[in-house]
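Inside the fold
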Amino acid sequence: MTPGRLAGRRALITGGASGIGLACARRLLAEGAAAVLLDRRADALASAAGTGAAPVACDIRDPGAVAAAVARAAGLLGGPADVLVNSAGVYRIAPLLDLTPREWDDVLAVNLRGTFLAGRAVAAALIEAGLPGAIVNISSTAGLLADASEPSAHYNASKAGVLALTRQMAAEWAPHGIRANAVCPGVIDTPMLRLMDDPAAGAAYLQADVPQRRLGSADEVAAVIVFLVSDDASYLTGAAVPVDGGITAI
Amino acid sequence: MRAIVTGAARGLGAAIAGRLARDGADVALLDMSVDVMASAGRLAGDVGAAGDAGGAGRQVAVGLVADVSDENACAAAVDRAVHAIGGVDVLVNNAGIGGPDTDVTRTSLAEFRRVLDVNLTGIFLMCREVARVMIGQGSGGAIVNLGSVFGQQGVAGGAGYCASKAGVALLTHSLALELAPHNIRANTIAPGNMATEMHWDELRSRAARSGGTFDEQVEMVRASVPLGRHGTGGDIAGVVAWLVSPDAGYVTGQTIGVNGGIWLS
């Protein structure tokens, strides 16, 4: 925590009303940034009102809604957002043979299309204004590894897609001074986590498959995201940074 | 925080030691060059002059001369560092040398072995000595080893260097798995093309071989980097400062590329 490190920065966080997005918003605010939260769920946005971030309801799948929300955020922030955290995402479990095309499309629409839409809208505004910026997309260790015990091909494919999208953002927008990186959270203690639904199986997984032998916290992921948007990461772009207690080192 | 930084007489190592000291760490600077004594003295003066929050008796910066590829010298240097700064919480293995920059058919065994000895075996030796101390202290720790983008992709004329840096990454990730139960994290930083004397020497060598100029070589490299510039010691030091902090508390066994996007295509 470095108070003032992000003073003057204008942050937009999608999926900002809960989980990693909300932890990010708190950390960005604590380090001096102004922040706007985008979320589809009005009730969740209302409960996040105490953070000091401005809420904007938005369905991240809808290009018109995203364009309107990014413009509204610029008004609330006093200029185009120069920090974008793409945290909006959904998680579903279904074995491939039971996975319907509709379920496939629904997950891809939020996790991959939504990241593309928000990233494009924010970058276009920055490039138009001639301003630098930093984007962090939330991928997952599921974008790097398969998992037969918690099958989720649509989620995994969406998160692998986010990594390719991130590299392309970094390559295309580097000449404009916009950096783009991804984080790959492992098993993080958020409402989206399903691992601990069976506590005994979850505990066994932590012992056997997570070198640090514990869940990560949303705050720990937020700390990495805030580093990535800070000037300490000024030569880092196109990277995928696992925040997973060592899962991907095995 | 008590930190040991190797290869700290100049370049990236000096920048890393400087950043950690300014962030409040007591730092032991280790190098095979005796110049490290002057570097440590300057750093102690700079940080001390800026206000020493640690109060009297604090060892802001201590210089130590040792060749990391020498087993006995490593053990002695770690022992002296631990006595000077009162323990060790952070190890940054930055010491490294460039390769011979020759085709494999003209590379001598001695040249190949020297690169591996310094860049890979030296990191093993330092990690082994420091891990023993950290485990004994029982308070966890963080290790950052300097790999390279040229440990992630090959380069003609750089077989020994590339092999040594690829080895660093897997050495580090294995240590991360072994040391996680002791709450010791270990990660690799893979710098891209950095504005250091080591890189300029390499470009001079390339210019001489190709018949071009040094400036042309610098421009060619710069133009290949999406962010449009060489990296600086500050760029690496910023990532080190993060990796050894609680902000990276759930990050271990990873390679962090700090390369301006050069690894993208």
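This one's a predicted model, so the numbers in the text were calculated from it and none came from an experiment.

**Side note on the overall build of chain B**
When helices and strands are counted, chain B shows eight helices and seven strands. What you see for chain B is a C-alpha radius of gyration of 18 Å, in line with the 18 Å of a compact globule of 265 residues. Projected onto the principal axes, the alpha-carbon positions of chain B cover approximately 55 × 40 × 35 Å. Taking all 265 residues of chain B together, the buried fraction comes to 52%. Across chain B, the fraction of contacts at a sequence separation of at least 24, relative to all contacts at a separation of at least 6, is 72%.

**As for the sheet that holds strand S6 (residues 184-191) of chain B**
Residue and element names in this part refer to chain B. Strand order in the open sheet formed by seven strands is S3-S2-S1-S4-S5-S6-S7, with parallel pairing between adjacent strands. Two strands lie at the open edges of the sheet, namely strand S3 (61-65) and strand S7 (255-258), each paired on one side alone. Strand-to-strand, the axes of this sheet are offset by a mean angle of 20°, without reference to chain direction. As judged from the three bridges shared by strand S1 (residues 2-6) and strand S4 (residues 90-93), these two strands associate in the parallel manner. Looking at the pairing, Ala-3 lines up with Val-90 of S4. Sheet contacts for helix H5 (residues 159-179): strand S5 (141-146), S6 and S7; angle to S6, the most-contacted strand, approximately 165°.

**Concerning the interface of chain A and chain B**
At the junction of the two partners, chain A supplies 28 residues and chain B supplies 29 residues. Listed by contribution, the elements that provide at least two residues to the side of chain A that touches chain B are helix H5 (153-173), helix H7 (218-229) and strand S9 (240-243) of chain A. For the side of chain A that touches chain B, the element with the most residues is H7(A), which contributes four residues. For the side of chain A that touches chain B, the residue count by class is 17 nonpolar, eight polar and three charged.

**Points about helix H3 (residues 63-77) of chain A**
Residue and element names in this part refer to chain A. Compared with the 21 Å implied by 1.5 Å per residue over 15 residues, the 21 Å span of H3 between its first and last C-alpha is a close match. What H3 keeps buried is the set Val-66, Ala-69, Val-70, Ala-73 and Leu-77. Projected onto a plane normal to the axis of H3, the buried residues spread over an arc of 100° and lie on a single side. For H3, exposure combined with an orientation more than 90 degrees from the buried face picks out Gly-64, Ala-71 and Gly-75.

**Focus: the packing of helix H1 (residues 19-30) of chain A against H7(A)**
Residues and elements named next belong to chain A. Between H1 and H7, the shortest axis-to-axis distance is 8 Å and the interhelical angle comes to 55°. Between H1 and H7, the angle falls in the class oblique. The handedness of the crossing between H1 and H7 is right-handed. Counted together, Gly-19, Ile-20, Ala-23, Cys-24, Arg-27 and Leu-28 of H1 and Ala-218, Asp-219, Val-221, Ala-222, Ala-223, Ile-225 and Val-226 of H7 form the full contact between these two elements. Looking at side-chain class alone, the contact of H1 with H7 contains ten nonpolar, one polar and two charged residues.

Reading the values: the criteria
- Residues take numbers from 1 onward in each chain, read along the sequence in its written order.
- Going through the entries in the order they are written, you letter the chains from A and number the ligands from 1.
- It should be noted that, the model being predicted, local features are given only for residues of pLDDT at least 70 and side-chain atom pairs only at 80 or more, the latter also being counted only at that level, while totals for whole chains, interfaces and linings use all residues.
- Here a helix means four or more residues in a row that DSSP labels H or I, a strand means two or more in a row labelled E, and each is numbered from the N terminus.
- With the radius of gyration taken over C-alpha atoms, the globule rule is written as 2.2 Å times the number of residues to the power 0.38.
- Three classes are used. A residue is buried when 20 or more other C-beta atoms lie within 10 Å of its own, exposed when 12 or fewer do, and partly exposed in between, with C-beta atoms placed from the backbone.
- By the convention adopted here, residues are in contact when the distance between their C-beta atoms, placed from the backbone, does not exceed 7 Å.
- Should DSSP find at least two bridges between two strands, the strands are regarded as paired.
- Fitted lines through C-alpha atoms serve as axes, helices being fitted only where they are in contact, and the angles separating the N-to-C directions of these axes extend from 0 to 180 degrees.
- Polar here means any residue outside two lists: the nonpolar Ala, Val, Leu, Ile, Met, Phe, Trp, Tyr, Cys and Pro, and the charged Asp, Glu, Lys and Arg; Gly therefore counts as polar.
- An expected span of 1.5 Å times one less than the residue number is assigned to each helix.
- An arc is given here, and it is the one of the directions from the helix axis to the C-beta atoms.
- When describing relative orientation, an angle under 35 degrees is termed roughly parallel and one over 145 degrees roughly antiparallel, while 65 to 115 degrees is termed roughly perpendicular and anything else oblique.
- Crossing handedness is defined as follows: a turn of the near helix away from the far one that is anticlockwise and smaller than a right angle gives a left-handed crossing, while the clockwise case is right-handed.

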